[in-house]
Amino acid sequence: MSKKIVVAAAMLAALCIPVSTSAMAAQCGGASWYGPGFNGKKTASGQRFNQNAMTAAHKTLPFGTVVKVTDQRTGKSIKVTINDRGPFHKGRIIDLSAAAAAKLGTKQAGVGSVCVATL
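Notes on the structure follow. (Residues numbered from 1 in each chain as written. Predicted model: local features only at pLDDT ≥ 70, side-chain atom pairs only at ≥ 80, totals over all residues. Heavy atoms only, no water.)

### Points about unusual backbone geometry
Piece 1. Of the consecutive residues Gly86 and Pro87, the connecting peptide bond is found in the cis state with omega at -5°.
Piece 2. For Pro87, the position within the fold is in the loop between strand S4 (77-84) and strand S5 (92-97). (Helix = DSSP H or I, 4+ residues; strand = E, 2+ residues; numbered from the N terminus.)

### A closer look at the side chain of Thr55
Piece 1. Among the structural elements, Thr55 can be located in strand S2 (residues 55-57).
Piece 2. A residue is classified by how much of its surface remains accessible, and Thr55, at 10% relative accessible area, is buried.
Piece 3. Excluding residues within four positions of it along the chain, Thr55 makes contact with Phe49, Asn50, Val80, Thr81, Asn83, Leu96, Ser97 and Ala100. (Buried < 20%, exposed > 50% of the residue type's maximum accessible area, 1.4 Å probe, protein only. Contact = heavy atoms within 4.5 Å.)

### Topic: the environment of Pro87
Piece 1. The buried category is assigned to Pro87, whose relative accessible area is 0%.
Piece 2. Sequence-wise, Pro87 and Tyr34 are 53 residues apart; in three dimensions their C-alpha atoms are separated by 9.6 Å.
Piece 3. When neighbours within four sequence positions are excluded, Pro87 is seen to be in contact with Ser32, Ala57, Lys59, Arg92, Ile93, Ile94 and Asp95.

### A few points about the pairing of strand S3 (residues 66-71)
Piece 1. Of the two faces of S3, the one lined by Val67, Val69 and Asp71 is fully buried and the one lined by Val66, Lys68 and Thr70 carries no buried residue.
Piece 2. Pairing geometry for S3 and S4, over five bridges, is antiparallel. For Thr70, the partnering residue across the bridge sits in S4 and is Ser77.
Piece 3. The antiparallel pairing of S3 with S4 creates a hairpin that spans five residues between the two strands, and Gly75 there sits at a positive phi of about 85°.
Piece 4. Both S3 and strand S6 (residues 111-118) contribute to a ladder of five bridges, which runs antiparallel. Residue Val67 lies in a different strand from S6, and its bridge partner there is Thr118. (Pairing = 2+ DSSP bridges.)

Structural data, given as structure tokens:
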């Protein structure tokens, strides 16, 4: 009888292990960018926003998560670290810093169609 309890407890414990963010599927949608008006202000993570850093805002990913952002039109990819919350516009899944948007090639257009995958 005690073996069954131990096995059941082990199975239950395995179900409670959090899934790594790297196991999450890619998410595709709109990307926008932000910078000058927010530069130097505190982000949701408590860090100061630096528009020249390779960072981004995401609605749900944990702060510190590194993601690969791929432009669906060009196939170009960049890596950014999530340190803020947003975007707050329908259809958009990530807000990139000004530097990240420039490096990806979406800054001039203002928005782009991207896929985001955790690393």
